[in-house]
Amino acid sequence: MEYIGHGNREIAERILPPGDRAARMRNLKRVAISGRAARECINISYGFFTPLEGFMCRDEVDSVCLDMTLPDGTLWPIPIVLDVDQKVIRDQRLAAGEEVLLTLDEKSLALMEVDEVFTYDPMRMAEAVLGTKDERHPGVKMMLGLANSYIGGKVTLVNEPVFQPPFDRFWYTPKRLHELFKEKGWSRIVAHQTRNVPHSGHEWLMKGAWFAANGELSVEQLHTGILVSCIIGPKRIGDYIDEAIVLCHDQLRRSGYFREDVHLVSIALWDMRYAGPREAVFHAILRTNLGCSHHMFGRDHAGVGSYYDPYDAHRIFDRFGQENLRIKPIRVLEWWYCPVCGEVTYSGLCAHEDVKQSFSGTLVRSMLTDRMKPAKAIFRPEIYELVMECANQYGFGSPFCTEEYLASRGPVYTLPD
Ligand SMILES: [Zn+2]
């Protein structure tokens, strides 16, 4: 079985066999890392970030910022860095050439061969990747919040994360997904990136992308699947709770809105940078590594506020060919509800612009908050029932993140001792 990922590179897992762990970890300096860095370390180790084998060194960060490529020319839009406080570097005397143990909440996570200890101007990184220095942009805020030094080098996982219910059912490594797609006989797989509980607009985005991905295939050749790839990362007040996102997407298939043999829900750990076009390219790379052949991009993909034109994330793909990117972008406009057509329809087709009803996240949210059941055309009744069940079971009464949820929610994954 071949596991080919981004840059036509083989997906390689970097995980130390359990029997070798104790001996290799003995006497290593321990470096505590953040939840974000741990998520990225896990991604590197399982091949989600192929061809990366570790956290970037200075020349790699520079190349990514300036040219949107790794030094060898492989397309790569976002720096993947391990930030460490200068004080820790000084106190621990961290230097190139040594091996250290990365830890999360006192638990061992990964070995790292330190190739370089360096500094980098976070504002320079933010401006190159996000196209703005505005500190109100959440990606700028995040980059400015990084510790003031970085260490670059290869990582190898020594402690595999154990995903907790309900996430355990949706956790697949890139290799496992490649295998699953083969088992299912899917010849084309279209990725849908989400951080939302699905309303009919989302459902039709997926259905439209599925039609587009089928393209010229004959009925006999039709083996196109949809991978719903839910982004799991830090949450903000008012976001949908993670449990509702994964379970409600899964429910669309369980309730028959998608056939059993065309739809699969999975999770991917990632801290959104809201980098608009650059992040769209990153998502395309991530899903290439998951084995997808197509990736759907809607309006304002990975955007925030009005920093990017709603279709910047579409246009950026004009710059790349198959030699840069294996996955094909499917660029879609808006789906809306039209009372004249009497159905959910496509902005590229329906001419009743003056009466159309856009799917407004804000409207759906306010209805859910008030426990008002939205119309069937807007929200599937099974999804409404389930989102309310999730609110009670996981959300302390709300389907949206509250202070209480953020403080007391169950962990997505744990590290065994
Ligand atoms: Zn219409």
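Because the structure is a prediction, the values reported are computed rather than measured.

Description of the side chain of Thr 345
Looking at the element boundaries, Thr 345 is found in strand S15 (residues 343-346). When its relative accessible area of 10% is taken as the criterion, Thr 345 is described as buried. In this structure Thr 345 touches Glu 334, Trp 335, Trp 336, Cys 338 and Cys 350, once residues within four positions along its chain are discounted.

Let's talk about the coordination of the zinc ion
The zinc ion binds to the protein through Cys 338 (SG), Cys 341 (SG), Cys 350 (SG) and His 352 (ND1), with metal-donor distances spanning 2.1 to 2.3 Å. If you look at the zinc ion, its 4 donor atoms make angles of 99 to 119 degrees with each other, and the shape they trace is tetrahedral. Taken in sequence order, the residues that donate to the zinc ion follow the motif C-x2-C-x8-C-x1-H. A relative accessible area of 28% places His 352 in the partly exposed class.

Focus on the nonpolar core
Residues Phe 49, Trp 76, Ile 80 and Leu 102 are the most contacted members of the largest nonpolar core, which totals 133 residues. What Leu 102 contacts, discounting residues up to four positions off in sequence, is Val 31, Ile 33, Cys 41, Phe 55, Leu 82, Lys 107, Ser 108, Leu 109, Ala 110, Met 112 and Val 155. The next biggest cluster of nonpolar side chains, apart from the first, holds 5 residues, and it includes Leu 16, Leu 28, Leu 101 and Val 158.

Section: the sheet that holds strand S16 (residues 357-358)
Overall, antiparallel pairing links the 3 strands, which are arranged S15-S14-S16 in an open sheet. At either margin of the open sheet sits one strand with a lone partner, and together these are S15 and S16. Two strands pair when backbone bridges link them, and strand S14 (residues 335-338) and S16 are joined in this way by 2 bridges, in the antiparallel orientation. Its bridge partner lying in S16, Trp 336 is registered against Ser 358. Across the sheet, helix H8 (residues 200-214) lies against S14 and S15, angled at about 125 degrees from S14, the strand it touches most.

What about the environment of Ile 378?
Of note, Ile 378 is situated in the loop between helix H12 (361-369) and helix H13 (381-393). Sequence separation between Ile 378 and Cys 350 is 28 residues; the distance between their C-alpha atoms is 17 Å. Setting aside residues no more than four positions away along its own chain, Ile 378 makes contact with His 199, Ser 200, Tyr 337, Phe 359 and Val 364.

About the cut-offs
- Residues numbered from 1 in each chain as written.
- Predicted model: local features only at pLDDT ≥ 70, side-chain atom pairs only at ≥ 80, totals over all residues.
- Heavy atoms only, no water.
- Helix = DSSP H or I, 4+ residues; strand = E, 2+ residues; numbered from the N terminus.
- Buried < 20%, exposed > 50% of the residue type's maximum accessible area, 1.4 Å probe, protein only.
- Contact = heavy atoms within 4.5 Å.
- Donors = N, O, S within 2.8 Å, 3.2 Å for Na, K, Ca; no water.
- Tetrahedral: all angles 85-135°; square planar, octahedral: opposite > 155°, others 65-115°.
- Core = buried A, V, L, I, M, F, W, Y, C linked by side-chain atoms within 4.5 Å.
- Pairing = 2+ DSSP bridges.
- Axes fitted to C-alpha atoms, helices over the stretch in contact; angles between N-to-C directions.

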